[in-house]
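Here are the chains, one letter per residue:
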Amino acid sequence: MTGIHSPGGSIARRTVLKAGAAGGLGLAGLADLAACGNSSGGSSSKSLKMLYFGEQAAATQLQNRLQPQISKLDANIKFEITAINGTDWNDFLAKVLTQVAAGTPPDIISVATEGLQLMASKELAVPLDDYVTKDLAALKEYFADIHPALIESMMYQGHLWELPDSFNAGNMFYSTELFQRAGVVPPSEGWTLDDFESAATKIAKFKGINAFGWVVRLWGSWTSFMYANNANLLEEGKYDGGDWLWNKAYAGDAAAAGRKGGWKWGAPTANSEGTVEALNYMIELTKKGLSPSPDVGGGGTLQGLFASNRIGMSIGGGFWAGGLTNAGMKNGSFDVTMFPKWKSQRHLFGAGGYAIFKSSKKKDLAWEVLKLLVKPETFDLVFPGNVTTPGRKSLVTAERYAKTGPKHWSVFYETLTKHPDTAPIPAPPYYNALATALNQRTTQAISSGNAKAALDGLQADLEKAAGAS
């Protein structure tokens, strides 16, 4: 992961969440603080404020790029993007609420999959249902261009909370140079876990080279193997509802069949047979010398090692195309394919988008800006340089990846179209506690070599977190 862009595609960084209080505020007071913001009056009458998880320099650049388009909506409005550079989603939202309590809430907020259900469950944002219904005719082109899996991932309890503009699925990147040196044929889209391990074994013979590198986190970690093993950390279900959208925006679209009102994450299943088997597989890779012990957190270090040809394979999404290019890799020196097939070839993904803050006094204008932000011509203003995967299928083109690569760029969107069982990462309202526990227990499993004991501990952690949420 590089810069401010996340695997989920949000402007916000995808990082590890910490349990408990952060930035001086815990999440227990979210609802109360949100209520405080309702009487604050929102941003000033001549400004529209958006909160951005990242560096202020990048936020200011984006603000300047978007201001001309905002001025077309309202010539008297100044668009202000304020960056919040926190350590994780808990820290980010705590700092957001500090601003709310101080009387300076945002109008628009960018939140990725990790924070969506947390935000919605605490009523920090407003459902977009009425706005979408009112403007459905104008939005038909948008819905026709965006996969329904991304839309469903932005729903919670039957309501749509964000318009997604980007996503990243956990595909497999590989070094074409190391594959060639090792005499490994480039993997096909339908390759298997045995094919993966065979390639890794050949690459691992090179001194100083790690055949496969990964990091401890929820997105694109050992969890990708878990998904391919038809397992998960939580029971999967769907909230009722959503027909108001599916029957109109996606009428006749086979990919929308069975979609409902958002993912309903149920009882923890962290120590289920398939989950334990997936983590055990990672332990075996380490024992066989095919993978080093992983770091915890973001993938910046991992990308750096990959860019210096010290890693043969790693899990990445479309954001790796820009990240590896920025790290100095030439077009053609890396490529991508589907994640290997185990019991299935199910992938995981995270999505990014925009929501309207509940305390905003300019909700109607904020809605117009949300529609602007998901227009095709806006995408490269927000995400220059292939630092995420476009949510719109029409933007995933050969022309887009002509300079950066990879050669098989079509894999990014075809993950959704060719593997309809692909699903978002498990991100319930208690995501912060889940992510923290996952990282701790994964580290325990790798160091001890005992996946079952570590995941029994994770099961207890998640049962406690779910009960407290």
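Structure report, in brief. Not measured: the values here are computed from a predicted model.

Points about the overall build of the protein chain
Logical step 1: A tally of regular secondary structure across the protein chain gives 19 helices and 17 strands.
Logical step 2: Across the 469 residues that make up the protein chain, the buried fraction comes to 59%.
Logical step 3: Long-range pairs, those at least 24 residues apart, make up 81% of the contacts in the protein chain with a sequence separation of at least 6.
Logical step 4: Just so you have it, the protein chain exposes about 16800 Å², and 51% of that area is on carbon and sulfur atoms.

A look at the nonpolar core
Logical step 1: In this structure, Phe143 and Leu233 are the most contacted members of the largest nonpolar core, which totals 149 residues.
Logical step 2: If we ignore the near neighbours within four places in the chain, the residues touching Phe143 are Val132, Leu136, Ile151, Leu245, Ala249 and Tyr250.

Structural notes on unusual backbone geometry
Logical step 1: Geometrically, the link from Gly405 to Pro406 is a cis peptide bond, its omega value of 5° lying close to zero.
Logical step 2: On the secondary structure map, Pro406 appears in the loop between strand S16 (389-390) and helix H17 (411-418).
Logical step 3: A positive phi angle, near 55°, is found at Asn230, a position not held by glycine.
Logical step 4: Examined against the element boundaries, Asn230 turns out to sit in the loop between helix H10 (222-228) and strand S10 (234-238).
Logical step 5: Of note in this structure, Asn309 is not a glycine but carries a positive phi near 60°.
Logical step 6: Its location among the elements puts Asn309 in the loop between helix H13 (300-307) and strand S13 (311-316).

Notes on the packing of helix H12 (residues 273-287) against helix H19 (residues 451-468)
Logical step 1: With their axes 9 Å apart at the nearest point, H12 and H19 run at an angle of 130° to one another. Judged by the angle between their axes, H12 and H19 are oblique. Of the two elements, H12 crosses H19, and the hand of that crossing is right-handed. Between H12 and H19, the contacting residues are Thr275, Val276, Leu279, Asn280 and Ile283 on the first element and Ala451, Lys452 and Leu455 on the second.
Logical step 2: Here the residues of the contact of H12 with H19 sort into five nonpolar, two polar and one charged.

Structural notes on the side chain of Ser221
Logical step 1: Here Ser221 shows up in the loop between strand S9 (215-216) and H10.
Logical step 2: What makes Ser221 buried here is its relative accessible area of 0%.
Logical step 3: A polar side-chain atom of Ser221 sits 2.6 Å from the main-chain carbonyl oxygen of Val215.
Logical step 4: Excluding residues that lie within four positions of it along the chain, Ser221 makes contacts with Trp214, Val215, Val216 and Ile315.

Focus: the pairing of strand S14 (residues 334-337)
Strand residues, when the strand is regular, have side chains that alternate between the two faces of the sheet.
Logical step 1: By the alternation rule, side chains of S14 split into Phe334 and Val336 and Asp335 and Thr337, which are all buried.
Logical step 2: By the bridge criterion, four bridges tie strand S7 (residues 171-175) to S14 in an arrangement that is antiparallel. The residue of S14 that forms the bridge with Ser175 is Phe334.

Considering the environment of Leu462
Logical step 1: Mapping Leu462 onto the fold places it in helix H19.
Logical step 2: What makes Leu462 buried here is its relative accessible area of 0%.
Logical step 3: Sequence separation between Leu462 and Leu233 is 229 residues, and the spatial gap between their C-alpha atoms is 8.8 Å.
Logical step 4: If sequence neighbours within four positions are ignored, Leu462 has contacts with Leu233, Leu234, Pro268, Ala270, Tyr430 and Leu434.

Digging into helix H15 (residues 363-373)
Logical step 1: With eight of 11 residues buried, H15 is to be regarded as a mostly interior element.
Logical step 2: Residues Leu365, Ala366, Trp367, Val369, Leu370, Lys371, Leu372 and Leu373 constitute the buried set of H15.

As for the packing of helix H2 (residues 56-73) against H15
Logical step 1: Closest axis-to-axis distance for the H2/H15 pair is 10 Å, and the angle between their directions is 135°. As the angle between them shows, H2 and H15 are arranged oblique. Where H2 crosses over H15, the two elements pack in a sense that is right-handed. Between H2, through Leu66, Gln69, Ile70 and Leu73, and H15, the contact on the second element is made entirely by Leu365, Glu368, Val369, Leu372 and Leu373.
Logical step 2: By residue class, the composition of the contact of H2 with H15 is seven nonpolar, one polar and one charged.

Considerations on the packing of aromatic side chains
Logical step 1: For the structure on display, the rule yields 23 aromatic pairs.
Logical step 2: Plain terms: the ring middles of Tyr131 and Trp367 are 5.3 Å apart, the flat faces sit at 25° to each other, and that makes the pair stacked. Remark: Trp367 occurs in helix H15 and Tyr131 occurs in helix H5 (residues 129-134); sequence separation between them is 236 residues.
Logical step 3: Relative to Tyr250, the ring of Phe143 lies with its centre 5.8 Å away and its plane at 70°, an arrangement referred to as edge-to-face. Pair noted here: Phe143 is in helix H6 (residues 136-145) and Tyr250 is in the loop between helix H11 (243-249) and strand S11 (263-268), with a separation of 107 residues, a long-range link.
Logical step 4: On the accessibility criterion, Phe143 (1% relative accessible area) is buried.
Logical step 5: Looking at Tyr250, the relative accessible area reads 4%, which means it is buried.
Logical step 6: An aromatic cluster of at least three residues, connected via ring pairs, comprises Phe173, Phe306, Trp320, Phe334, Tyr401, Trp409 and Phe412.
Logical step 7: Note that Lys238 overlies the ring of Trp263, its terminal NZ or CZ placed 4.7 Å from the centroid.
Logical step 8: The ring centre of Tyr227 lies 5.1 Å from the NZ or CZ of Arg346, which sits over that ring.

Parameters at a glance
- Residues numbered from 1 in each chain as written.
- Predicted model: local features only at pLDDT ≥ 70, side-chain atom pairs only at ≥ 80, totals over all residues.
- Heavy atoms only, no water.
- Helix = DSSP H or I, 4+ residues; strand = E, 2+ residues; numbered from the N terminus.
- Buried < 20%, exposed > 50% of the residue type's maximum accessible area, 1.4 Å probe, protein only.
- Contact = heavy atoms within 4.5 Å.
- Areas by Shrake-Rupley, 256 points an atom, 1.4 Å probe, with all protein chains shown as cover.
- Core = buried A, V, L, I, M, F, W, Y, C linked by side-chain atoms within 4.5 Å.
- Axes fitted to C-alpha atoms, helices over the stretch in contact; angles between N-to-C directions.
- Parallel < 35°, antiparallel > 145°, perpendicular 65-115°, else oblique.
- Left-handed = near helix turned anticlockwise from the far one by under 90°.
- Nonpolar A, V, L, I, M, F, W, Y, C, P; charged D, E, K, R; others polar.
- Polar contact = N/O pair within 3.5 Å; in protein donor to acceptor, adjacent residues only side chain to side chain.
- Pairing = 2+ DSSP bridges.
- Phe/Tyr/Trp six-rings, centres within 6.5 Å; stacked < 30°, edge-to-face > 60°.
- Lys NZ or Arg CZ within 6 Å of the ring centre and 35° of its normal.

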